[in-house]
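Letter by letter, the chains look like this.
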Amino acid sequence: MNPHLRASGSAYFLTTDTAKIERHTLSVLVDNEPGILARIAGLFSARGFNIDSLTVSETEHEKGLSRITVVTVASPKVLAQIKLQLERLIPVHRVHDLTAEGKSLERELALVKVSGTGENRVETLRLADAFRAQVVDASIESFVFEITGKSTKIEQFISLMMPLGLVEVVRTGLAAISRGPDRM
Amino acid sequence: MAEKMTGAEMVVQALKDQGVAHVFGYPGGAVLPIYDSLFQQDEIEHILVRHEQGATHMAEGYARSTGKVGVVLVTSGPGATNAVTGLTDALLDSIPLVCLTGQVPTPLIGSDAFQECDTVGITRNCTKHNYLVKDVADLPRIIHEAFHIASTGRPGPVVIDIPKDVQFALGDYAGPVAHQSHASYKPQAKPDLVEIEQAVDLMLQAKRPVCYTGGGVINAGPRASELLRELVELTGFPVTSTLMGLGAFPASSDKWLGMLGMHGTYEANLAMHDCDLMINIGARFDDRITGRLDAFSPNSTKIHVDIDPSSINKNVVVDLPIIGDCANVLEEMVRIWRTRTNESRAGELAPWMAQIEKWRSVNCLGYENSSDVIKPQYAIERLAAAVKEKDVYITTEVGQHQMWAAQYFPFDKPNRLMTSGGLGTMGYGLPAAVGVQVAHRDALVIDIAGEASVQMTMQEFSTAVQFRLPIKIFILNNEYMGMVRQWQELLHGSRYSQSYSESLPDFVKLAEAFGGKGIRVEHPDELDAAIKEMLDHDGPVLFDCRVVKQENCLPMIPSGKAHNEMILPDTADIGNIIDEKGRSLV
Ligand SMILES: Cc1cc2nc3c(=O)[nH]c(=O)nc-3n(C[C@H](O)[C@H](O)[C@H](O)COP(=O)(O)OP(=O)(O)OC[C@H]3O[C@@H](n4cnc5c(N)ncnc54)[C@H](O)[C@@H]3O)c2cc1C
Ligand SMILES: Cc1ncc(C[n+]2csc(CCOP(=O)(O)OP(=O)(O)O)c2C)c(N)n1
Ligand SMILES: [Mg+2]
């Protein structure tokens, strides 16, 4: 054997992906059947793709269709794979990359519980008003706000509530749709 | 008019309507109703295995050698979990299987009932698709759909999990209809002709072309292999293939370069590295092929034909993707080529072919033979010579012997090599041979095996005895997990941690204990006579071929190296073609 070629390392050829990472919102039209969510989530975990947010809901009952909105973070090459791998699943009809197609609307809803008394309580209400958050529950020492908007707006609101007595938050995850007359 | 049947009867009827003649399986509580309806008919033959993993590999061998869907029937819980290795194997190698699993009755699902496991959960990521049938009304449609999904597009395994109460329930049976499936499932078999025109343009201009073909050509059926031969006849292009594609192009052709990749030939890998046009037909740029990605065929234009869009640009970015079935694409390529020219391009390709001949002259598969011990390469050459005139199917286990089989056994026809490429499952070859022999009763079926691998599914030898399947298990017994030992030699300072095959059974006695025949051979002079004895025996044979213990499988592209940096055997004649600088690289 040619000794100068002694290999070192592993059984695999490793290269690192240095391409820039981007955040994309994908809209996935699927047959609404048992296990579909597990199929999608399982695909992401099995192939090491990231999920930042995932929402599912039945959107066209008569046709048995659901729409899954996934926010992922990946390099352009991996994004292309995510789309193709999703399309490979039998119950998946179409995958749209809303971010790549531009002009999409994205909204999220959060319920935010804040407790406090005195000055903090007043300040809390003032900020809520500025963010158009609705009071959906109130007690002597707490509020629950409902806020909708882009994820960045919600994050900003949450961080402002932090010092004022933020107790807990629940978020729906992202719902996204393209603008204009066309359907997916 | 729909007929009333029980779920179990529907299963058997649906299998018949799908043209199934053989089922590989193992009974248990959760599938007893199906076994009962199998008992009451004789169109479908049931092959009783000894372990459910065996059933899956048999079905794979059956499917790969016939182009049909392989069918497996196992019980719930341990029956299903034992099948997981074979399902994963079939997924990675794109083999069409339908696996029926029993499940506990629907009201008990989720209660940790006896022999319950989450079969659809466990198999979701190792199947092309899977189903849990909760209502007998869905059962016939699902079974027909499963066959359609398993066998179309990129083939793969499909699991149907059938709870026991659904097997007893009465319902209406309906036969198959064409293309029964989800509206969302639309594999694209017909290629875009514009892309093929572009491909032919590139092919007409290429100075240093190479066809890199793979398992997709086999998946596309025998017609694809014929068309590939026709295309090569017209274009004069040289051809190399992956392990999974061997046989699609005849090894006896002068255009054949041998297998490529980690243990591929010098000429195949250098042709891949130096080509100006690479035509990938049904191969997936696997890491055993590409080696270092950043040094993979740096100066070529790449065409990639594949039926699965997700194979495109997954590992290697290509210039011209063509989505479609290999047979359709090859047919159009041949047709369009003919409309463009009827002249041979041999003159223009001559310098490239001359370069390839120089690489070939290195004789990278040369080895030093011995007159006292059997060299594994020699054993395969003698086996190949002995079966030359016969209708032969080869299966393999996983390891050095598998690579030697790929290197030294010439395949001239498609569907003749059954091997576990993607998952590399030791224990695949013996049951796969059983499956092949079930499909081809009069053919010669040989498993080229290693002594370690074969022990993983040895019990299926008993299946071969029971069903009078005269498979030949040709063990290259080097007393080592040779492939592991070779890597330990290369990467871990020859510290042979746990890779010696201790306490080996006496394979001759073992064969006899099973009711088969055992043959042992230790000296090269006795080899031919022993092979003849094996071939003459009308029954299953375990052939214990004692070979030299520490032979390495070469050539080899070490990890992290490029195609033009391979380890060659000491016998290689590199003197007259490689300069000093090149030599330090080889
Ligand atoms: C120990 C060991 C060593 C190995 N060393 C090597 C080696 O040196 N060289 C080597 O080649 N392999 C080697 N292998 C095998 C390797 O791991 C891969 O399994 C193999 O290279 C993949 O072959 P393929 O690219 O043809 O793909 P396959 O797995 O056969 O995939 C086929 C491709 O074709 C597509 N396809 C399927 N059907 C169709 C159709 N009808 N029309 C069009 N496209 C279709 C699929 O989508 C897929 O992309 C080794 C394996 C083991 C266990
Ligand atoms: C189920 C399984 N376990 C482990 C491995 C890792 N492995 C690859 S080759 C090999 C050794 C095979 O030994 P043998 O069958 O004797 O073949 P040889 O290499 O000696 O020809 C092992 C352990 C594998 N491929 N499959
Ligand atoms: Mg061995």
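Residues numbered from 1 in each chain as written. Chains lettered and ligands numbered in written order. Predicted model: local features only at pLDDT ≥ 70, side-chain atom pairs only at ≥ 80, totals over all residues. Heavy atoms only, no water.

J.: Quick question: what am I supposed to make of the overall build of chain B here?
T.: Along its length, chain B carries 23 helices and 20 strands. Against the compact-globule benchmark of 25 Å for 586 residues, chain B has a radius of gyration of 25 Å, which places it among compact chains. For chain B, the spread of C-alpha atoms along the principal axes amounts to about 75 × 60 × 45 Å. Buried positions account for 62% of the 586 residues belonging to chain B. (Helix = DSSP H or I, 4+ residues; strand = E, 2+ residues; numbered from the N terminus. Rg over C-alpha atoms; globule rule 2.2 N^0.38 Å. Buried < 20%, exposed > 50% of the residue type's maximum accessible area, 1.4 Å probe, protein only.)

J.: Can you walk me through the overall build of chain A in this structure?
T.: Helix and strand counts for chain A come out as five helices and nine strands. Its helices and strands in sequence order give chain A the pattern β-α-β-β-α-β-α-β-α-β-β-α-β-β, from N to C terminus. For 184 residues, the compact-globule formula gives about 16 Å, and the C-alpha radius of gyration of chain A, at 22 Å, lies well above that figure. Taking the principal axes of its C-alpha atoms as reference, chain A extends roughly 80 × 50 × 30 Å. With 184 residues in all, chain A has 38% of them scored as buried. In chain A, of all internal contacts separated by at least 6 residues, the share reaching a separation of at least 24 is 72%. Summing over all exposed atoms, chain A offers an accessible surface of approximately 10,200 Å²; the carbon and sulfur share of this is 53%. The distance from the centre of the 22 positive side-chain charges to the centre of the 22 negative ones in chain A is 6 Å. (Contact = heavy atoms within 4.5 Å. Areas by Shrake-Rupley, 256 points an atom, 1.4 Å probe, with all protein chains shown as cover. Lys, Arg positive; Asp, Glu negative; His and termini not counted. Charge placed at Lys NZ, Arg CZ, Asp CG, Glu CD.)

J.: Please explain the confidence of the model for chain A as it appears in this structure.
T.: Low-confidence regions, as indicated by low pLDDT, have predicted coordinates that should not be scrutinised in detail. All names here are of chain A. For chain A, the mean per-residue pLDDT works out to 91, and 92% of the residues sit at or above 70. At the level of individual helices and strands, chain A shows its lowest average pLDDT in strand 2 (residues 53-60), which scores 91, and its highest in strand 7 (residues 142-149), which scores 98. Ignoring residues within four places in sequence, the model shows residues 1-8, a span with pLDDT below 50, making 28 contacts including any to other chains. (pLDDT = per-residue confidence, 0-100.)

J.: I keep staring at the coordination of the magnesium ion (ligand 3) and nothing clicks. Help me out?
T.: Around a metal, the ideal angle is 109.5 degrees if four donors adopt a tetrahedral arrangement and 90 or 180 degrees if six donors adopt an octahedral arrangement. All names here are of chain B. Within the protein, the magnesium ion (ligand 3) binds to Glu451 (OE), Glu451 (OE), Asn478 (OD1) and Tyr480 (O); these donor distances fall in the range 2.1 to 2.8 Å. For the magnesium ion (ligand 3), the six donor atoms are set out with angles of 50 to 173° between them, so the coordination reads as irregular. Motif for the magnesium ion (ligand 3), donor spacing along one chain: E-x26-N-x1-Y. Residue Glu451 is found in the loop between strand 17 (444-450) and helix 19 (460-466), and its partner Tyr480 is found in the loop between strand 18 (472-477) and helix 20 (482-491); the two are separated by 29 residues along the sequence. Residue classification places Tyr480 among the buried positions, given a relative accessible area of 12%. (Donors = N, O, S within 2.8 Å, 3.2 Å for Na, K, Ca; no water. Tetrahedral: all angles 85-135°; square planar, octahedral: opposite > 155°, others 65-115°.)

J.: Looking at this structure, how should I read the packing of aromatic side chains?
T.: One pass over the structure, following the stated rule, counts 16 aromatic pairs over all chains. A ring pair is formed by Trp352 of chain B and Trp359 of chain B, whose centres lie 5.8 Å apart and whose planes are at 90°; its orientation type is edge-to-face. A single burial state applies to Trp352 of chain B and to Trp359 of chain B, both of which are buried. Following the ring pairs from residue to residue traces out a cluster consisting of Phe131, Phe143, Phe145 and Phe157 of chain A. The ring of Tyr393 of chain B is capped by Arg416 of chain B, whose NZ or CZ atom sits 4.1 Å from the centre of that ring. (Phe/Tyr/Trp six-rings, centres within 6.5 Å; stacked < 30°, edge-to-face > 60°. Lys NZ or Arg CZ within 6 Å of the ring centre and 35° of its normal.)

J.: So what exactly am I meant to see when it comes to the site of ligand 1 here?
T.: Residue and element names in this part refer to chain B. Residues in close proximity to ligand 1 total 37 residues, the closest being Gly215, Thr242, Arg284, Asp306 and Asp325. Contact between ligand 1 and Arg154: an oxygen atom at 3.3 Å from a side-chain N or O atom of the residue. At 3.2 Å from an oxygen atom of ligand 1 is found a main-chain nitrogen or oxygen belonging to Gly282. Elements that contribute at least two residues to the shell around ligand 1 include exactly helix 10 (215-219), helix 13 (287-290) and helix 17 (400-408). (Near = heavy atom within 4 Å. Polar contact = N/O pair within 3.5 Å; in protein donor to acceptor, adjacent residues only side chain to side chain.)

J.: Is there a simple way to explain the side chain of Asn478 of chain B in this structure?
T.: All names here are of chain B. Along the chain, the position of Asn478 falls in the loop between strand 18 and helix 20. A relative accessible area of 6% means that Asn478 is categorised as buried. One polar contact links Asn478 to Gln400, side chain to side chain, over a distance of 3.3 Å.

J.: Honestly, the site of ligand 2 in this entry has me stumped. Any pointers?
T.: Residues and elements named next belong to chain B. Around ligand 2 sit 17 residues in total, of which Gln400, His401, Gly424, Ser453 and Gly482 are the nearest. In the environment of ligand 2, a nitrogen atom lies 2.8 Å from a nitrogen or oxygen atom belonging to the backbone of Gly424. Coverage of ligand 2 by the protein chains reaches 77% of its 590 Å² of free accessible surface. If you list the elements that add at least two residues to the shell around ligand 2, you get helix 17 and helix 20.

J.: Can you walk me through the pattern of salt bridges in this structure?
T.: Opposite charge on two side chains makes pairing possible when the charged atoms of those side chains draw close. All names here are of chain B. Throughout the structure, instances matching the rule amount to 37 salt bridges over all chains. Here Glu357 and Arg360 are joined by a salt bridge, their closest N and O atoms 3.1 Å apart. Taken together, the positions of Glu357 and Arg360, both in helix 15 (residues 346-361) and three residues apart, correspond to about one turn of that helix. Given the relative accessible area of 23%, Arg360 is considered partly exposed. Here Asp536 ties to Lys532 by a salt bridge, and the two come within 2.7 Å at their closest N and O atoms. Here the residue Asp536 and the residue Lys532 both occupy positions in helix 22 (residues 524-536), the gap between them amounting to four residues, near one helical turn. Both residues of the pair, Asp536 and Lys532, count as exposed. The structure contains a network of salt bridges with shared partners spanning Glu479, Asp506, Arg520, Asp544, Arg546 and Lys549. (Salt bridge = Lys/Arg side-chain N within 4 Å of Asp/Glu carboxyl O.)

J.: For this particular structure, what's the right way to read the sheet that holds strand 11 (residues 256-259) of chain B?
T.: Strands belonging to one sheet form pairs held by backbone hydrogen bonds; the direction of such a pair is parallel or antiparallel. Residues and elements named next belong to chain B. The strand order across the open sheet built from six strands is 11-10-9-12-13-14, with neighbouring strands paired in parallel fashion. Every other strand in the sheet has two partners, leaving strand 11 and strand 14 (320-323) as the edge strands with one partner each. The average angle at which neighbouring strand axes cross in this sheet is 15°, direction not considered. One ladder, built from two bridges, connects strand 10 (residues 239-241) with strand 11; its direction is parallel. (Pairing = 2+ DSSP bridges. Axes fitted to C-alpha atoms, helices over the stretch in contact; angles between N-to-C directions.)

J.: I keep staring at the side chain of His57 of chain B and nothing clicks. Help me out?
T.: Residue and element names in this part refer to chain B. Following the sequence through the fold, His57 ends up in helix 3 (residues 52-66). Exposure remark for His57: the relative accessible area of 0% places this residue in the buried category. If sequence neighbours within four positions are ignored, His57 has contacts with Gly86, Asp89, Thr425, Gly427, Tyr428, Pro431 and Ala432.

J.: So what exactly am I meant to see when it comes to the confidence of the model for chain B here?
T.: Residues and elements named next belong to chain B. This prediction gives chain B a mean pLDDT of 96; 97% of its residues lie at or above 70. Segment residues 576-586 is flagged for pLDDT under 50; beyond a separation of four residues in sequence, or across chains, it makes 22 contacts in the model. Both confidence scores are given for the complex: pTM 0.96, ipTM 0.93.

J.: Looking at this model, I keep getting lost on the domain arrangement of chain A. Mind explaining?
T.: Often, the extent of an interface is quoted as the loss of accessible area on bringing the components together. Residues and elements named next belong to chain A. Under the domain assignment used here, chain A contains domain 1 (22-102) and domain 2 (105-177). One C-alpha centre belongs to domain 1, the other to domain 2, and the line joining them spans 29 Å. Counting residues at the interface gives seven residues for domain 1, matched by seven residues for domain 2. Taken together, the two surfaces of domain 1 and domain 2 that pack against each other cover about 490 Å², and 53% of this comes from carbon and sulfur. The interface formed by domain 1 and domain 2 holds zero salt bridges in total. (Domains from an automatic or database assignment. Buried area = accessible area lost by both parts, 1.4 Å probe.)

J.: Help me out: how do you make sense of unusual backbone geometry in this one?
T.: For residues that are not glycine, phi is negative in most cases, and the peptide bond is trans in most cases. All names here are of chain B. With an omega of -5°, the peptide bond running from Leu554 to Pro555 counts as cis. Position of Pro555 relative to the elements: it lies in the loop between strand 20 (541-546) and helix 23 (580-585). Phi is positive for Asp112, close to 55°, though the residue is something other than glycine. Take Asp112: it is sitting in the loop between strand 5 (97-103) and helix 6 (119-123). Judged by relative accessible area, Asp112 falls into the exposed class, the value being 73%. At Glu479, a position not held by glycine, the phi torsion is positive, near 60°.

J.: Help me out: how do you make sense of helix 22 of chain B in this one?
T.: Two residues of an α-helix separated by three or four positions point the same way, owing to the 3.6 residues in each turn. Between its first and last C-alpha, helix 22 of chain B extends 19 Å over 13 residues, near the 18 Å set by a 1.5 Å rise per residue. Packed against the buried residues of helix 22 of chain B are helix 16 (376-386), strand 17, strand 18, strand 19 (517-521) and strand 20 of chain B. (Expected span 1.5 Å × (residues − 1).)

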